[in-house]
Amino acid sequence: MNTLRIYLTVAIAVLLLGASSTAAADNSSAGKFGRGLAGMTCGFLEIPGNIVQETRRSGAIGFPVGLAKGLGMTVTRELVGVYEFVSAPFPVPAGYRPILSPEYPWDYF
């Protein structure tokens, strides 16, 4: 049973890395799938990302503003991630363009 769990973990990791590398290359179905997966699993990175972005923009007052913005964007990132994950086979929006900017939650850093 433990061996099966290890094999499944490795297989999932390989799939995630493959989708991630394709996602960076172009806007495709695999890229949209990777963005959705990243949004669903790493949406919490919106909190520190928005704190960093707002602090760079506004100084010390950016911390509470970034915290509030990050909390709201976490929910948005998660929901858009689910949408992109489910609708990955379909080219909506046209050309598999990303819905949110930045494209990935770790792009703030």
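A short tour of the structure in this document, coming up. (Residues numbered from 1 in each chain as written. Predicted model: local features only at pLDDT ≥ 70, side-chain atom pairs only at ≥ 80, totals over all residues. Heavy atoms only, no water.)

**Re the pattern of salt bridges**
Evaluation of the coordinates by the stated rule reveals five salt bridges. In this structure, E46 engages R77 in a salt bridge whose closest nitrogen and oxygen atoms are separated by 2.7 Å. Taken as a pair, E46 in helix 3 (residues 46-58) and R77 in helix 4 (residues 62-86) lie far apart in primary sequence, 31 residues in all. Take R77: its relative accessible area is 3%, and that puts it in the buried class. (Salt bridge = Lys/Arg side-chain N within 4 Å of Asp/Glu carboxyl O. Helix = DSSP H or I, 4+ residues; strand = E, 2+ residues; numbered from the N terminus. Buried < 20%, exposed > 50% of the residue type's maximum accessible area, 1.4 Å probe, protein only.)

**Some thoughts on the packing of helix 3 against helix 4**
It is the contact of helix 3 with helix 4, at a shortest axis distance of 7 Å, that shows an interaxial angle of 145°. Crossing hand, helix 3 versus helix 4: right-handed. Where helix 3 abuts helix 4, its residues E46, I47, N50, I51, E54, T55, R57 and S58 lie against G62, F63, V65, G66, L67, K69, G70, L71, M73, T74 and R77. In the contact of helix 3 with helix 4, the residues fall into seven nonpolar, seven polar and five charged. (Axes fitted to C-alpha atoms, helices over the stretch in contact; angles between N-to-C directions. Left-handed = near helix turned anticlockwise from the far one by under 90°. Contact = heavy atoms within 4.5 Å. Nonpolar A, V, L, I, M, F, W, Y, C, P; charged D, E, K, R; others polar.)

**A short note on the packing of aromatic side chains**
This structure, assessed with the given rule, holds two aromatic pairs. Aromatic side chains Y104 and W106 sit 5.2 Å apart centroid to centroid with 10° between the ring planes, which places their arrangement in the stacked category. Under the relative-accessibility criterion, W106 is labelled partly exposed at 39%. (Phe/Tyr/Trp six-rings, centres within 6.5 Å; stacked < 30°, edge-to-face > 60°.)

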